[in-house]
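Observations on the three-dimensional arrangement
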Amino acid sequence: MKMSRRGWNNIIIFAVASMILIFKYVEMNEQAAPSEQMAVGQLLPQGATILRIELPSVVIERVGTQWRSEPPLERSIAVIDAWLHIQLEPWQDALGGAATSRSIMVYLANSAVPLELTLFSLGEQHWLTNWQGQLLSVDSDSYHALFPTMSSPDA
């Protein structure tokens, strides 16, 4: 049984239309993924490797397979782990002009330029911008995990 030219044309049209729908579906899913990722509230990109982090009162850097901090910290690895894995809640409200800000520089293995994050403080409340520029609320426990030697925002 042989197919006519018109039959082959219909099959080709159906195949091309199917491919267009598949590509459109994949594109729509890729566009939806970043908004889901922002809702998570991670400070650094997934799978990031920190080489050096400059906090307001501490600098922690990787030297070979070890971590060195200035001033010395007993738990530098715990601080690095907190920066890589902590989950914070997105903050939608405005901060106001009374909040003080400090820069935090994070040098990653796969980036030539450091990420500049900003820590905002207003009294006992703290907020951080993540690698996507999203403002995240930092609770007290998370604050002490991320900034271990800082007993207050002015220290």
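Preceding block: the structure.
Residues numbered from 1 in each chain as written. Predicted model: local features only at pLDDT ≥ 70, side-chain atom pairs only at ≥ 80, totals over all residues. Heavy atoms only, no water.

It is worth spelling out the overall build of the chain at this point. Per the secondary structure count, the chain includes three helices and eight strands. The N-to-C order of helical and strand elements in the chain reads α-β-β-β-α-β-β-β-β-β-α. Restricting the contact set of the chain to residue pairs at least 6 apart, pairs at least 24 apart contribute 55%. Accessible surface, the chain as shown: approximately 10200 Å² in total, 57% of it carbon and sulfur. (Helix = DSSP H or I, 4+ residues; strand = E, 2+ residues; numbered from the N terminus. Contact = heavy atoms within 4.5 Å. Areas by Shrake-Rupley, 256 points an atom, 1.4 Å probe, with all protein chains shown as cover.)

Relative to the helices and strands, Ala48 resides in the loop between α1 (5-40) and β1 (50-54). For the pair Ala48 and Ser111, spaced 63 residues apart in sequence, the C-alpha separation works out to 9.7 Å. Setting aside its immediate chain neighbours within four residues, Ala48 contacts Leu84 and Leu108.

A few words on the pairing of strand β2 (residues 59-63). A regular strand places its side chains on the two faces of the sheet in alternate fashion. Of the pairings in the sheet, the one linking β1 to β2 comprises three bridges and is antiparallel in character. Bridged to Ile53 within β2 is Ile60. From the end of β1 to the start of β2, which pair antiparallel, there are four residues. Note: β2 against strand β3 (residues 66-70), five bridges, orientation antiparallel. Across the sheet, Ile60 pairs through a bridge with Ser69, a residue of β3. What sits between the antiparallel neighbours β2 and β3 is a turn of two residues, in which Gly64 has the positive phi angle 70°. (Pairing = 2+ DSSP bridges.)

Moving on to the packing of aromatic side chains. For the coordinates displayed, the defined rule picks out three aromatic pairs. The interplanar angle of 40° and the centroid separation of 5.1 Å between the aromatic rings of Tyr143 and Phe147 together place this pair among those described as tilted. Residues Tyr143 and Phe147 agree in their burial class; the two are buried. Members of the aromatic cluster, connected to one another through ring pairs, are Trp83, Tyr143 and Phe147. (Phe/Tyr/Trp six-rings, centres within 6.5 Å; stacked < 30°, edge-to-face > 60°. Buried < 20%, exposed > 50% of the residue type's maximum accessible area, 1.4 Å probe, protein only.)

Strand order in the open sheet formed by eight strands is β3-β2-β1-β5-β6-β7-β8-β4, with antiparallel pairing between adjacent strands. If you trace the sheet from one side to the other, it starts and ends with β3 and β4 (89-90), each paired once. In terms of strand pairing, β4 meets strand β8 (residues 135-138) through two bridges, oriented antiparallel. Pairing of Glu89 across the sheet is with Ser137, part of β8.

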